[in-house]
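Residue strings, one per chain:
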Amino acid sequence: MKDVIVIGSGFAGLAAACYLAKEGKKVLVLEKNESVGGRASFFKAEGFAFDMGPSWYWMPDVFDKFFADFGKKTSDYYQLERLDPGYKVFYAKNDAFNVPASVEDLAALFEALEPGAAKQFEKFLKDAKYKYQRGINDLVNKPSLSLLEFANPLLLRDVFALDLFSSVEDLVSKYFKHPKIKKILEFPSYFLGATPNKIPALYSLMNYADLELGTWYPQGGMHEIIKAMHALALELGVEFRLNAEVKKIEIQDGEVKNILCENASFSSKALVAAADYHYVEQHLIEEKYRQYDEAYWDKQVLAPSSLIYYLGINKKLEGLEHHNLFFDKDFEAFGKDIYDHPKWPDEPLFYACVPSKTDASVAPENCENLFLLMPVAPNLDGGEELHEKYLQMMLDRISDFTSNKITKEDILFKRAFAHQDFKDRYHAYKGNAYGLANTLMQTAVFKPKMMNKNIKNLVYAGQLTVPGPGVPPSLISGKLAAELALKHFKTYFHD
Ligand SMILES: Cc1cc2nc3c(=O)[nH]c(=O)nc-3n(C[C@H](O)[C@H](O)[C@H](O)COP(=O)(O)OP(=O)(O)OC[C@H]3O[C@@H](n4cnc5c(N)ncnc54)[C@H](O)[C@@H]3O)c2cc1C
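Residues numbered from 1 in each chain as written. Predicted model: local features only at pLDDT ≥ 70, side-chain atom pairs only at ≥ 80, totals over all residues. Heavy atoms only, no water.

(A) Fine view of the nonpolar core. Core analysis: the largest hydrophobic core is formed by 122 residues, its most contacted members being Phe66, Phe121 and Val272. Element by element, the count of residues in this core is highest for helix α1 (residues 11-22), at 10 residues. Residues within four places of phenylalanine 121 in sequence aside, it is in contact with Val103, Leu106, Ala107, Phe110, Phe176, Leu185 and Leu211. One finds Leu30, Ile285, Tyr460 and Leu464 within the second-largest nonpolar core, a separate group that totals 30 residues. (Core = buried A, V, L, I, M, F, W, Y, C linked by side-chain atoms within 4.5 Å. Buried < 20%, exposed > 50% of the residue type's maximum accessible area, 1.4 Å probe, protein only. Helix = DSSP H or I, 4+ residues; strand = E, 2+ residues; numbered from the N terminus. Contact = heavy atoms within 4.5 Å.)

Shown next, in the form of structure tokens:
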């Protein structure tokens, strides 16, 4: 009998396992896939090493804090490099903008676009920094089980300063007029799964994360973070079973009794469900114990899914940086294709990551590791032919804007990943990539709750619950789940 079983070994599951093991709990992690990491999986092919999911290392303080909680440093596990430029934005042919690491340099570039913008940027960032600090300390680190958690006088006083009721788009427009500046400052909203007019202006805190805390890269790739957390969990005595897909959670009298995999059954005193929340509820738990029904889930605004291509290219690509955003098409029309009338987009925006620009270990000599990601509405049908059409579109735009002609013969390795792959590999609801959009009505107390009111010894974690999508939030979610388990399941641990 384990103290706690954790379903899923993404950032949330790994973090929960580490915090619980630190408190002396016997923890077993059950993971359906062949490796740990969840959406931050990794694979090697033809001499290339591909991160399958996240590629932006933002909010380094969250990772530092995580390892510090265990008396460790990130540098005990991986080496970080700050990228400069942080990223490149393509607005049109012969019109691109490198976002420098230095805030002063960026302010000067903004000033050149719009007189007075440097001063405005200083004010904008000051406000974003305040929100970041309050957000991390007072909002994100709360399980959001009840509004009372937020009833502290400072927070109530600040409810307007934190800009919960206006949008990122409105906020940015208050400070700046130039469309190029606006696109840079609105871009982090897309990380939060919705268009800037739907994301509360509180999340300008992401601009502070982006532009002041910076964009970093762990040498070896994002999967180094997973390797580090996995190593830490093993050090703490956590056990792992891979290729162990949970098929059923048996509940008796409102308590988790057995967790059934294909050929094995496990029992534990408590359960952390860190696989996709919707899947756990709708597929693993008997209906009467579910917290939400299918109609509830269908009403939630999901963050986009993605069409991804992992490409091994047989030559160096000039004119691209490590991170490249192709923002040369109409944001509004693209947003409509994702959220308002979901369909495959006519003119997609996309993102190209070339980690081999920073890290020689991820591609053979004189080759380039190219990761292309096109956000697309969840739950659409695709198919190889359609995917290939979009691949060609993206390669043509890269060719056009950078004078790199990438022909079929240049592609040494190619793998596509889209909706059905998200469903098959991660049990992702509607093939979502990043969980629920962080709209106001899906923030904090309005997210699917971490505790299940019908099951006494189960807590949920991961990007579909609090605090939300992204690597740092998922990691924080695992920590919150461990804290809730330690607080609410005490009687089980004493048995
Ligand atoms: C393509 C892509 C790009 C992204 N880019 C970024 C980025 O640059 N920066 C950033 O911060 N965030 C990014 N994100 C978001 C971030 O990666 C996720 O929010 C985060 O990794 C989610 O972690 P999680 O632990 O909640 O879920 P997951 O990583 O999905 O972990 C859940 C685990 O549960 C397992 N599981 C499911 N069902 C079962 C079952 N029945 N039995 C056992 N195990 C099961 C799954 O296999 C999986 O391993 C990106 C995500 C994607 C998909």
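So that's the structure; there's more coming.
(B) How the structure looks around the packing of aromatic side chains. Applying the stated criterion across every chain yields a total of 49 aromatic pairs. For the ring pair tyrosine 292 and tryptophan 297, a centre distance of 6.1 Å and an interplane angle of 80° mean the geometry is edge-to-face. Relative to tyrosine 426, the ring of phenylalanine 422 lies with its centre 6.1 Å away and its plane at 45°, an arrangement referred to as tilted. Residue phenylalanine 422 and its partner tyrosine 426 are both found in helix α14 (residues 419-426); the two are separated by 4 residues, about one turn of the helix. The same class applies to phenylalanine 422 and to tyrosine 426, which are both buried. The cationic tip of lysine 22 hangs over the ring face of phenylalanine 70; the distance from NZ or CZ to the ring centre is 5.5 Å. Here lysine 25 stacks its cationic end above the ring of phenylalanine 493, 4.7 Å away from the centre of that ring. (Phe/Tyr/Trp six-rings, centres within 6.5 Å; stacked < 30°, edge-to-face > 60°. Lys NZ or Arg CZ within 6 Å of the ring centre and 35° of its normal.)

(C) Layout of the environment of glycine 86. Relative to the helices and strands, glycine 86 is located in the loop between β5 (80-82) and β6 (87-92). Sequence separation between glycine 86 and valine 6 is 80 residues; the distance between their C-alpha atoms is 35 Å. If sequence neighbours within four positions are ignored, glycine 86 has contacts with Val99, Thr215 and His323.

(D) Broad picture of the pairing of strand β16 (residues 368-376). With 8 of 9 residues buried, β16 lies mostly within the body of the structure. For strand β13 (residues 305-313) and β16, the ladder comprises 9 bridges, and the chain directions are antiparallel. By the bridge assignment for β16, leucine 311 is matched with leucine 370. Relative to β16, strand β15 (residues 350-353) is paired through 3 bridges, and the arrangement is antiparallel. Residue pairing for β16: alanine 352 is matched across the bridge by leucine 372. (Pairing = 2+ DSSP bridges.)

(E) Here's a closer look at the site of the ligand. Taken together, 38 residues are adjacent to the ligand, and Glu31, Arg39, Trp56, Gln463 and Val471 come closest. Glycine 38 is positioned with one of its backbone polar atoms (N or O) 3.5 Å from an oxygen atom of the ligand. Isolated, the ligand exposes 1000 Å² of accessible area, and the fraction of that covered by the protein chains is 97%. Partitioning the shell around the ligand into residue classes produces 20 nonpolar, 13 polar and 5 charged. Counting residues domain by domain, the shell around the ligand receives three or more from each of domain 1 (2-34 + 242-300 + 436-494) and domain 2 (40-58 + 73-101 + 304-433). (Near = heavy atom within 4 Å. Polar contact = N/O pair within 3.5 Å; in protein donor to acceptor, adjacent residues only side chain to side chain. Areas by Shrake-Rupley, 256 points an atom, 1.4 Å probe, with all protein chains shown as cover. Nonpolar A, V, L, I, M, F, W, Y, C, P; charged D, E, K, R; others polar. Domains from an automatic or database assignment.)

(F) Spatial organisation of the domain arrangement of the protein. Per the domain assignment, the segments making up the protein are domain 1 (2-34 + 242-300 + 436-494), domain 2 (40-58 + 73-101 + 304-433) and domain 3 (103-213). Facing the 14 residues of domain 1 at the interface are 12 residues of domain 2. Across the domain 1/domain 2 interface, buried area totals approximately 1100 Å², and carbon plus sulfur atoms make up 47% of it. Scanning the region where domain 1 abuts domain 2 turns up 2 salt bridges. Arginine 425 is the partner of glutamate 34 in a salt bridge, and the nearest nitrogen-oxygen pair spans 3.2 Å. (Buried area = accessible area lost by both parts, 1.4 Å probe. Salt bridge = Lys/Arg side-chain N within 4 Å of Asp/Glu carboxyl O.)

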